[in-house]
Amino acid sequence: MSNIRVRFAPSPTGFFHIGSARTALFNWLYARHTGGTFVLRIEDTDKERNSEDFLNVIYDSLKWLGMNWDEGPGVGGDYGPYRQSERDAIYKEYIRKLFDAGRAYEKDGAVWFKLLGERYETFDDHRKKTVEKVKVAPTVIDDLIRGRVERVEDEDFVIVRSDGSPVFHLVNVIDDIAMKITHVIRGEDHLSNTSKHVELFKAFGAPVPHFAHIPLILKQNGPGKMSKRDQGALVEEYQRRGYIPEALVNFLSLLGWNPGDDREKMPVAEIIRLFDLPGVNQSNARFDDKKLAHMNMTYVLELPPDDFVARAKAYFARHGTFAAGMPDENYLREVLLLSQPKIKGIEDLPGYTEYFFTENFSLNEKAAAKIMGKGDPKTRLLELADALKTVDFSNDLVIEEAIKKLAADKGLGFGDYQSIARLAVSGTNVGPNLTGMFRVLGRDRVLARIERFLARQ
RNA sequence: GUCCCCAUCGUCUAGCCCGGUUAGGACACCACCCUUUCACGGUGAGAACCGGGGUUCGAAUCCCCGUGGGGACGCCA
């Protein structure tokens, strides 16, 4: 165990989004890479906007993504409590220290942090008012990702609201001191705040932690950073849609970081081994759901059968796919394993396998028009139905041989029977291997569907 | 408006630190191959160093200035 301590400090004011998840991930990866400690701290000082529901979404999402925390709500630790709403006594003590050191004063009912230096007044164009500024030397931030950054922090700022509640900048710093955080890894949107934080650390006489400001994730379309309202921004949405969490972690790790070579799909253990702060990019990255979907597909393809079946069933249960009752266990498994190599994600399953579970499946008109317009599909179907009557449906190969023999007898190919057979039996032109599909459906149903199809034409 | 950060294919990026590459990979797109549909897979094509100045024999790489993008300027976090 190293003495590196990092923290992820979300505020439960909305659903957990991709950008927050990536910040959490980089902290977690760094902790695991260095053998350090990953602390989860809840910044719930904004009483108006906080909610327990949002808090639970954060816990669930972190767990789902496999980011376990070493200290924090639920697991405890030596530096608790880990919810800011429960740390009032600690903040009061630190605020007193600031008063004692002459670095805090009251004004308009609020408490302000006092900068040291000569004061002067100037008009602020942006805020349209006269403000008091202080002549100070620039604050230097040594950022592990950006390098040396200088920023002038030249205005006193509020640290305790007039209602007595401490503001973010203050509690953030106090907690980082009290929790002995050594590395602050957070989004670049905080870079401008960092000068405030550094001044506070100094005023408390505490060591300034290392900072690492990671690039932001920009929305897929249009300007600006990704926000909770953007399409595809919510972690729980991917969970709901049956995404493989490892795939999302893998994808997120590649947004602003890379292993230094061409590898993309990597087990998390490998990402942990390779991850380091200096390797993080400095420029913002645009979110690309197609690339995420592709990454997810590669994970789905490699899932062990039992695992795939379990995830699919969980998805069906969550979405009420079989509201009328779950199908037979073994039958469902056969259908799923037939589909696994073909789909892009778990969410495709209900649509892809619909006709396995009902006789009332829809007919894809476009596909039908195309197939019925070529050759003599009805005759082919008649021939096929006749040939299949005596075939043993317990084996893909036997079915395949039968169709091939029929085709050979008629001087045709397998393909001449396939598309019309698939259309008649499944109502579509896409699907799993035809003979596998026949086997799973069973001879009676296949024949009945062909007959019904013929009757309709 | 002020301050801070950033800048390679449409997108994610390698290369930059320590100047010399046909500027590489992936997603997406297109074509072809494989094939029992659709996918997967394979092969190939198109596609980028933001602009201008320097420094240098030589600049994607180092410096400066523009421009563009992003962020911060709350008694939000």
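Residues numbered from 1 in each chain as written. Chains lettered and ligands numbered in written order. Predicted model: local features only at pLDDT ≥ 70, side-chain atom pairs only at ≥ 80, totals over all residues. Heavy atoms only, no water.

Engineer: Account for the overall build of chain A, with residues named and values stated.
Structural biologist: The secondary structure content of chain A amounts to 18 helices and 13 strands. Taking the principal axes of the C-alpha coordinates as reference, chain A spans close to 100 × 45 × 45 Å. Here chain A holds 457 residues, and 50% of them are scored as buried. Contacts in chain A between residues at least 24 apart in sequence constitute 71% of all its contacts with a sequence separation of at least 6. In the form shown here, chain A has an accessible surface area of approximately 21900 Å², with 49% of it arising from carbon and sulfur atoms. Of the side-chain charges in chain A, 64 are positive and 67 negative, and the distance between the mean point of each set is 2 Å. (Helix = DSSP H or I, 4+ residues; strand = E, 2+ residues; numbered from the N terminus. Buried < 20%, exposed > 50% of the residue type's maximum accessible area, 1.4 Å probe, protein only. Contact = heavy atoms within 4.5 Å. Areas by Shrake-Rupley, 256 points an atom, 1.4 Å probe, with all protein chains shown as cover. Lys, Arg positive; Asp, Glu negative; His and termini not counted. Charge placed at Lys NZ, Arg CZ, Asp CG, Glu CD.)

Engineer: Before we move on, could you go through the side chain of Arg 380 and cite the residues and values that matter?
Structural biologist: Its location among the elements puts Arg 380 in helix 14 (residues 377-388). Residue class for Arg 380 comes out buried when judged on its relative accessible area of 17%. Those residues in contact with Arg 380 that lie beyond four places of it in its chain are Leu 412, Asp 416, Tyr 417 and Ile 420.

Engineer: Explain helix 16 (residues 414-426) to me, and be specific about the residues and the numbers.
Structural biologist: Across its 13 residues, helix 16 extends 18 Å between first and last C-alpha, which sits within 8% of the 18 Å expected from 1.5 Å per residue. Regarding helix 16, the residues found buried are Tyr 417, Ile 420, Ala 421, Arg 422, Leu 423, Ala 424, Val 425 and Ser 426. Taken together, the buried residues of helix 16 touch helix 12 (349-357), helix 13 (365-372), helix 14, helix 15 (396-409), helix 17 (434-441) and helix 18 (443-456). Of the residues one or two after helix 16, Gly 427 is the one with positive phi, at around 75°. (Expected span 1.5 Å × (residues − 1).)

Engineer: With reference to specific residues and values, describe the layout of surface pockets.
Structural biologist: In this structure, the largest pocket spans a volume of roughly 980 Å³. Along the walls of the largest pocket sit 40 residues, with Ala 9, Ser 11, Ser 20, Asp 189 and His 190 positioned nearest its centre. Where the lining of the largest pocket is concerned, the elements lending two or more residues are strand 1 (5-8), helix 1 (18-34), helix 4 (168-178) and strand 10 (183-187). For the lining of the largest pocket, the class distribution of residues is 15 nonpolar, 15 polar and ten charged. When its volume is computed, the second largest pocket comes out at roughly 380 Å³. If you trace the second largest pocket, you find 20 residues lining it, with Trp 112, Arg 127, Val 131, Glu 155 and Asp 156 closest to the centre. Elements with a minimum of two residues in the lining of the second largest pocket: strand 3 (104-107), strand 6 (129-134) and strand 9 (157-160). Here the lining of the second largest pocket takes six residues from strand 6, the largest share from any one element. For the lining of the second largest pocket, the per-class residue count stands at seven nonpolar, one polar and twelve charged. (1 Å grid on protein atoms, 1.4 Å probe; cavity = no way out; pocket = protein on both sides within 12 Å on 5 of 7 lines; lining within 4 Å. Points joined across faces, edges and corners; volume = space filled by probe spheres on them. Nonpolar A, V, L, I, M, F, W, Y, C, P; charged D, E, K, R; others polar.)

Engineer: Tell me what's going on with the pattern of salt bridges, and back it up with residues and numbers.
Structural biologist: One pass over the structure, following the stated rule, counts 39 salt bridges. Close ionic contact of Arg 241 with Glu 237 constitutes a salt bridge, the shortest N to O distance being 3.3 Å. Given a relative accessible area of 14%, Glu 237 falls into the buried group. A single salt-bridge network, built from bridges that share partners, covers Arg 7, Arg 41, Glu 43, Arg 87, Asp 175 and Asp 176. (Salt bridge = Lys/Arg side-chain N within 4 Å of Asp/Glu carboxyl O.)

Engineer: How would you explain the sheet that holds strand 3 if you had to name every residue and give the values?
Structural biologist: In spatial order, the strands read 3-4-9; together these three strands make up an open sheet with antiparallel pairing. At either end of the open sheet lies a strand with only one pairing partner, and these are strand 3 and strand 9. Recorded for the sheet is a direction-independent mean angle of 45° between the axes of neighbouring strands. As paired elements, strand 3 and strand 4 (residues 110-113) share four bridges and run antiparallel to each other. Among the inter-strand pairings, Glu 106 is bridged to a residue of strand 4, identified as Val 111. Of the strands in this sheet, strand 3, strand 4 and strand 9 touch helix 3 (residues 88-100), which is tilted by about 95° from strand 3. (Pairing = 2+ DSSP bridges. Axes fitted to C-alpha atoms, helices over the stretch in contact; angles between N-to-C directions.)

Engineer: Could you give an account of the packing of aromatic side chains, with specific residues and numbers?
Structural biologist: Under the criterion given, the structure shown has 16 aromatic pairs. For the pair Tyr 238 and Tyr 243, a centre-to-centre distance of 5.0 Å together with 80° between the ring planes defines the contact as edge-to-face. The exposure classification of Tyr 238 matches that of Tyr 243, with both residues buried. Between the aromatic rings of Trp 257 and Phe 275, the centroid separation amounts to 5.6 Å while the plane-to-plane angle is 45°, which identifies the pairing as tilted. Here Trp 257 is found in the loop between helix 7 (245-253) and helix 8 (268-274), whereas its partner Phe 275 is found in the loop between helix 8 and strand 13 (285-286), with 18 residues between them in sequence. Since its relative accessible area comes to 2%, Trp 257 is described here as buried. Feature note: the residues Tyr 315, Phe 316, Phe 322, Tyr 331 and Phe 357 constitute an aromatic cluster, connected by ring pairs. Of note, Lys 135 hangs over the ring of Tyr 120, and the distance from its end group to the ring centre comes to 5.9 Å. (Phe/Tyr/Trp six-rings, centres within 6.5 Å; stacked < 30°, edge-to-face > 60°. Lys NZ or Arg CZ within 6 Å of the ring centre and 35° of its normal.)

Engineer: If you had to explain the pairing of strand 7 (residues 139-143) to someone new, which residues and values would you point to?
Structural biologist: Burial along strand 7 is one-sided: the residues Thr 139, Ile 141 and Asp 143 are buried and none of Val 140 and Asp 142 is. Across five bridges, strand 7 lies against strand 8 (residues 147-151) in antiparallel orientation. Within strand 8, the residue paired with Val 140 across the bridge is Glu 150. In this structure, the hairpin formed by strand 7 and strand 8 is closed by a connection of three residues.

Engineer: Describe the side chain of Arg 83, listing the residues and the values that go with them.
Structural biologist: Summarising the element assignment, Arg 83 is placed in the loop between helix 2 (52-64) and helix 3. Looking at Arg 83, the relative accessible area reads 18%, which means it is buried. There is a polar contact of 3.2 Å between the side chain of Arg 83 and the side chain of Asp 44. A polar atom in the side chain of Arg 83 sits 2.8 Å from the side chain of Glu 52. If we skip the residues at most four places from it in the chain, Arg 83 touches Ile 42, Asp 44, Glu 52, Leu 55 and Pro 73. (Polar contact = N/O pair within 3.5 Å; in protein donor to acceptor, adjacent residues only side chain to side chain.)

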